[in-house]
Amino acid sequence: MKKIPFVGLHAHSVAGSIFDALGYPQEHMDFAYENGMDALALTDHGNMNGLPHQVLHAKKMKSQGKNFKPIFGVEAYFLPSIADWKKDYEAAKEDKKKKKTLSKDVTATTVEDENASKKAVRNILNRRRHLILLAQDQQGLNNLFSLISESFSPGNYYRYPRVDFELLKKYSEGVIGASACLGGVYAGNYWENREEGTEAVLEAMRDTTRKMVDIFGDRWYGELQWNNVPEQHELNKYIIQMHKEFGISLISTSDSHYPNPDA
């Protein structure tokens, strides 16, 4: 069979995805290169702590005659409106029963709970969806730095750093967006509307798409993944159908969390 060129655009390392990944960025980069890839994106949860590893190892690879491009990115935590979320958070602090459930943990360390993000989240205080953001150029990289900094600022951070449509619009120049995994923005539309039927899911996804296209233009992509989770393939069908309607391109990712099969 003919080899199909592939670049991983969704990957996690131990440098930034604590307790949710194995291997440092350089290990991921080496394995990718050894298997015919000439680039790899690192998209750790809510931060870009692996970027220095990427930069330094790419220079080392170049000195060894290996042409490899590190792609800088992040898997951000997204919700439609931080302002609306803040209202619910402040209301919870005033409610004696709800106040007891609020976390007193003020650490800026983000530990992802994959299972919690891959379902309908009833409690808005914990609600979040994943969003892949990649730097297209230097301006895009600068904007990702600004996005992440603001996501960790007081008011946007509660257990997880958050971005919303307003922040994305503010810092969208030079940034590529994709819909992520079963915990992603399209998946959120799926989990929250699946009981109402196909059209309800599609309409929610269409609404998300219109808003993302308004922000990113042709830099917005639907993300398909391939695993043994039945809901993933159902979600893929929705994404394919909906993106055909809009004429929007798709990407295929592996959402890797370890550098090689032996890790």
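The structure we're discussing is the one just above.
Residues numbered from 1 in each chain as written. Predicted model: local features only at pLDDT ≥ 70, side-chain atom pairs only at ≥ 80, totals over all residues. Heavy atoms only, no water.

Concerning the packing of aromatic side chains
This model, assessed by the stated rule, comprises nine aromatic pairs. Judged by centre distance (6.0 Å) and plane angle (50°), the ring pair of Y190 and Y238 falls under tilted. Of this pair, Y190 sits in helix α8 (residues 185-193) while Y238 is found in helix α10 (residues 230-246), placing the two residues 48 residues apart along the sequence. On the basis of relative accessible area, Y190 is assigned to the buried category, the value being 0%. For Y238, a relative accessible area of 9% puts it in the buried group. For the pair F216 and W220, a centre-to-centre distance of 6.0 Å together with 20° between the ring planes defines the contact as stacked. Taken individually, F216 and W220 each receive the classification buried, so the pair is uniform in this respect. One aromatic cluster is present, formed by Y186, F216 and W220 through successive ring pairs. Over the ring of Y160 we find R128, and its NZ or CZ is 3.8 Å from the ring centre. (Phe/Tyr/Trp six-rings, centres within 6.5 Å; stacked < 30°, edge-to-face > 60°. Helix = DSSP H or I, 4+ residues; strand = E, 2+ residues; numbered from the N terminus. Buried < 20%, exposed > 50% of the residue type's maximum accessible area, 1.4 Å probe, protein only. Lys NZ or Arg CZ within 6 Å of the ring centre and 35° of its normal.)

Looking at helix α6 (residues 138-151)
If you check α6, its first and last C-alpha atoms are 20 Å apart, about what 14 residues at 1.5 Å a residue would give, namely 20 Å. For α6, the N-terminal cap is D137; the gap from its side-chain oxygen to the backbone nitrogen of Q139 is 3.2 Å. (Expected span 1.5 Å × (residues − 1). Polar contact = N/O pair within 3.5 Å; in protein donor to acceptor, adjacent residues only side chain to side chain.)

Notes on the side chain of H257
Summarising the element assignment, H257 is placed in the segment after β8 (250-253). Polar side-chain contacts of H257 include one of 2.7 Å to the backbone oxygen of D20.

Structural notes on the nonpolar core
Ranked by size, the top nonpolar core spans 45 residues in total, and within it L133, L168 and M212 carry the most contacts. For this core, the element with the highest residue contribution is helix α9 (residues 198-216), accounting for six residues. Residues contacting L133, with those up to four places away along its chain left out, are F72, G73, V74, A76, L144, L147, L168, V175, I176, G177 and F216. (Core = buried A, V, L, I, M, F, W, Y, C linked by side-chain atoms within 4.5 Å. Contact = heavy atoms within 4.5 Å.)

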